[in-house]
Amino acid sequence: MELQDFEIEDLDSEEEADLTMPSRGSGNTKKSAMKVISIIGINVLVILLVIVVLGIIGFAKGKLLVAGVPSANDAEKPVYTESEMQQLILAAKDDAQAGKEAEITGAYNNGYSIGQNSLLDYIKDTLMSNNSSLETFNKIYPDHFIVVSNGRYNFLQINKNLKLNELVQDQVVVLDNGEMQYTDAEGNVISHKGIDVSEYQGNIDWGKVAADGVEFAIIRAYYRGYGTGRLVRDTKVDDNIQGAIDNGIHVGVYVFSQAITREEAVEEAESAIETLSPFATNVPIVIDVERVAGANPRMDALSVEERTDVILAFCDTVTNAGYIPIVYYNTEMGGLYVDLEKLEGITKWYAWYGSWLYYPYDYSIWQYKDSGKVNGISGGVDMNIALEPFW
């Protein structure tokens, strides 16, 4: 625009000159007029061009500038204070977060559904492979000891403060006749074949029993009535102890306990010691604690603390007499009804009928079958393996 201003200033100078100087002729006058008209035309064009450009910009922005007054569209657009804008931003953020959470929840539910279906398929396949329900659940919850009692599954956290079972599943051998052995890592048999018997086995041919490879026998000495509480001597105890010893079979005795006081437990232990002492010393004397089927068995009424105290009284009496105390129980008793921490250090005899290692805690004798077959005994008999020698 500076060039145009300069030209206009020149024109003014020339006009002043024309007024003060003599005329140069009509040709010069026409030229001056044409020049003025051209300059005016150029300026008009420039002004129109500016107006057009501003119109285009205004249209692109949705505005129409007329004499500097905002359009109706501008008036319709909301105007917010800073506080209102912050609230809008927070509301938008909350909406976005809610949407994200909904998306995450949807993904979780979908993944859970897939995982649930996979788990159900695993449980079905495992059970169809002839595994027990306990074995199946143990694979799913390896850090728990699962005990079934009164129709309920109890998931017990394994107590790592106790001595744990170190047996290796691959070293458990099941023979063709159903008998079980335990080997070392090289495959050498290190377990000892045993049985436990009572008067229910009748007359036993201990010579044939020994020839069948039986190395030890735990013989019932007494049982206490679970209703009457009366302590009863097994009618075959003396014959069985003598017959086993005469045929080179190591012996021990057990008492089927229903003691509900320390005094009764001591009575049971002393009776077993008196029965066994003419035959052997420093051999196992076992307290058999298990729940029995019947109307109100007396020992079932004990608390965990009371039952554990009864067991300790029995074991202390046995130890003081120079014998080896052992506690016999099954999964239910060992999991729910005794305090294993207080019984730590006492030898355990565990009843579990199967070849799969389940019980997580240490034990030294394993009763793996209650209906085994042994030459010299008519009918079924409890089968055991000792995992360490006691004699």
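From a predicted model like this one, the values you see are computed outputs, not experimental measurements.

A. Local environment of the overall build of the chain. Secondary structure assignment for the chain yields ten helices and 13 strands. Counting over 391 residues, the chain shows a buried share of 36%. Within the chain, counting contacts between residues at least 6 apart in sequence, those at least 24 apart form 59% of the total.

B. Local environment of the pattern of salt bridges. Tallied over the entire structure, the rule returns eleven salt bridges. In this structure, Glu267 engages Arg224 in a salt bridge whose closest nitrogen and oxygen atoms are separated by 3.1 Å. Here the residue Glu267 occupies a position in helix 8 (residues 262-276), and Arg224 occupies one in strand 6 (residues 216-224), the gap between them amounting to 43 residues. Classification of Glu267 as partly exposed rests on a relative accessible area of 37%. What makes Arg224 buried here is its relative accessible area of 3%. When the shortest N-O distance is used, the salt bridge between Arg291 and Asp300 registers 3.8 Å.

C. The pairing of strand 10 (residues 324-330), seen in detail. Strand 10 sits mainly inside the fold: six of its seven residues count as buried. Alignment of strand 9 (residues 284-288) against strand 10, held across five bridges, turns out to be parallel. The partner of Val286 across the bridge, within strand 10, is Ile326. In terms of strand pairing, strand 10 meets strand 11 (residues 347-351) through five bridges, oriented parallel. In the strand pairing of strand 11, Val327 is matched with Lys348. Note on the crossover from strand 10 through helix 10 (residues 331-337) to strand 11: the handedness is right-handed.

D. Highlighting the confidence of the model for the chain. When pLDDT is averaged along the chain, the result is 82; 73% of the residues meet or exceed 70. Low pLDDT, under 50, characterises residues 2-27; the predicted model gives this stretch nine contacts beyond four residues in sequence or across chains. Here residues 60-71 is a poorly scored stretch, pLDDT under 50, and it has eight contacts once near neighbours within four places are set aside; other chains count.

E. Spotlight on helix 7 (residues 237-246). When we look at burial in helix 7, the residues that qualify are Val237, Asn240, Ile241, Gly243 and Ala244. Against the buried residues of helix 7 lie strand 5 (192-197), helix 6 (206-211), strand 6, strand 7 (231-233), strand 8 (250-256) and helix 8. One or two positions beyond helix 7, positive phi appears at Gly248, with a value near 75 degrees.

F. Summary view of unusual backbone geometry. Not every positive phi belongs to a glycine, and Asn150 is a case in point at roughly 55 degrees. Secondary-structure assignment places Asn150 in the loop between strand 1 (144-149) and strand 2 (152-157). Note on Asn150: relative accessible area 61%, which makes it exposed. With phi around 55 degrees, Asn282 is a residue other than glycine that occupies positive phi space. Looking at where Asn282 falls in the secondary structure, it is placed in the loop between helix 8 and strand 9. Owing to a relative accessible area of 49%, Asn282 belongs among the partly exposed residues under this scheme.

G. Representation of the environment of Ile365 in the model. Here Ile365 lies in strand 12 (residues 365-372). Overall, the relative accessible area of 0% leaves Ile365 in the buried class. Considered as a pair, Ile365 and Asn384 are 19 residues apart in the sequence and their alpha carbons are 6.8 Å apart. Setting aside residues no more than four positions away along its own chain, Ile365 makes contact with Phe216, Ile326, Lys348, Trp349, Tyr350, Asn384, Ile385, Ala386 and Phe390.

H. Quick peek at the environment of Ile346. Here Ile346 shows up in the loop between helix 10 and strand 11. Considered as a pair, Ile346 and Ile326 are 20 residues apart in the sequence and their alpha carbons are 6.4 Å apart.

I. Looking closely at the side chain of Glu268. Along the polypeptide, Glu268 turns up in helix 8. Apart from the residues within four sequence positions on either side, Glu268 is in contact with Arg224, Leu231, Val255, Ser257, Gln258, Ala259, Ile287 and Phe314.

J. Examining the packing of helix 8 against helix 9 (residues 304-320) more closely. Interaxial distance between helix 8 and helix 9 falls to 8 Å at its minimum, and their mutual angle equals 35 degrees. By crossing handedness, the relation of helix 8 to helix 9 is classed as right-handed. In this structure, helix 8 contributes Arg262, Ala265, Val266, Glu268, Ala269, Glu270 and Ile273 to the contact, and helix 9 contributes Asp309, Val310, Ala313, Phe314, Thr317 and Val318. Across the contact of helix 8 with helix 9, the residue classes tally to eight nonpolar, one polar and four charged.

K. Summary view of the nonpolar core. Ile195, Trp206, Val209, Ile285 and Trp366 are the most contacted members of the largest nonpolar core, which has 71 residues in total. Ranked by residues supplied to this core, first place goes to helix 9 with six residues. Once residues lying within four places of it in the same chain are set aside, the contact partners of Trp366 are Val172, Met180, Trp349, Tyr350, Trp352, Gly354, Ser355, Trp356, Leu357, Met383, Asn384 and Ile385. Core analysis: the next-biggest nonpolar cluster, separate from the first, contains twelve residues, Phe216, Val286, Ala386 and Phe390 among them.

L. Region of interest: a nonpolar patch on the surface. A cluster of nonpolar side chains, namely Tyr141, Val148, Tyr153 and Phe155, defines an oily patch on the protein surface of about 350 Å² accessible area. Along the chain, Val148 falls in strand 1.

M. Molecular detail of the packing of aromatic side chains. The full count for this structure, using the stated rule, is 18 aromatic pairs. Centre to centre, the rings of Phe137 and Tyr153 are 5.4 Å apart; their planes meet at 85 degrees, and the pair counts as edge-to-face. Taken as a pair, Phe137 in helix 5 (residues 133-140) and Tyr153 in strand 2 lie far apart in primary sequence, 16 residues in all. With a relative accessible area of 21%, Phe137 lands in the partly exposed category. Look at Tyr359 and Tyr363: their rings are 6.1 Å apart centre to centre, the planes differ by 55 degrees, and that puts the pair in the tilted class. Judged by its relative accessible area of 5%, Tyr363 is buried.

Quick notes on the rules
- Residues numbered from 1 in each chain as written.
- Predicted model: local features only at pLDDT ≥ 70, side-chain atom pairs only at ≥ 80, totals over all residues.
- Heavy atoms only, no water.
- Helix = DSSP H or I, 4+ residues; strand = E, 2+ residues; numbered from the N terminus.
- Buried < 20%, exposed > 50% of the residue type's maximum accessible area, 1.4 Å probe, protein only.
- Contact = heavy atoms within 4.5 Å.
- Salt bridge = Lys/Arg side-chain N within 4 Å of Asp/Glu carboxyl O.
- Pairing = 2+ DSSP bridges.
- Right-handed = clockwise from strand over helix to strand, strands pointing away.
- pLDDT = per-residue confidence, 0-100.
- Axes fitted to C-alpha atoms, helices over the stretch in contact; angles between N-to-C directions.
- Left-handed = near helix turned anticlockwise from the far one by under 90°.
- Nonpolar A, V, L, I, M, F, W, Y, C, P; charged D, E, K, R; others polar.
- Core = buried A, V, L, I, M, F, W, Y, C linked by side-chain atoms within 4.5 Å.
- Patch = residues over 30% accessible without salt bridge, like charges linked within 9 Å, V, L, I, M, F, W, Y side chains within 5 Å.
- Areas by Shrake-Rupley, 256 points an atom, 1.4 Å probe, with all protein chains shown as cover.
- Phe/Tyr/Trp six-rings, centres within 6.5 Å; stacked < 30°, edge-to-face > 60°.

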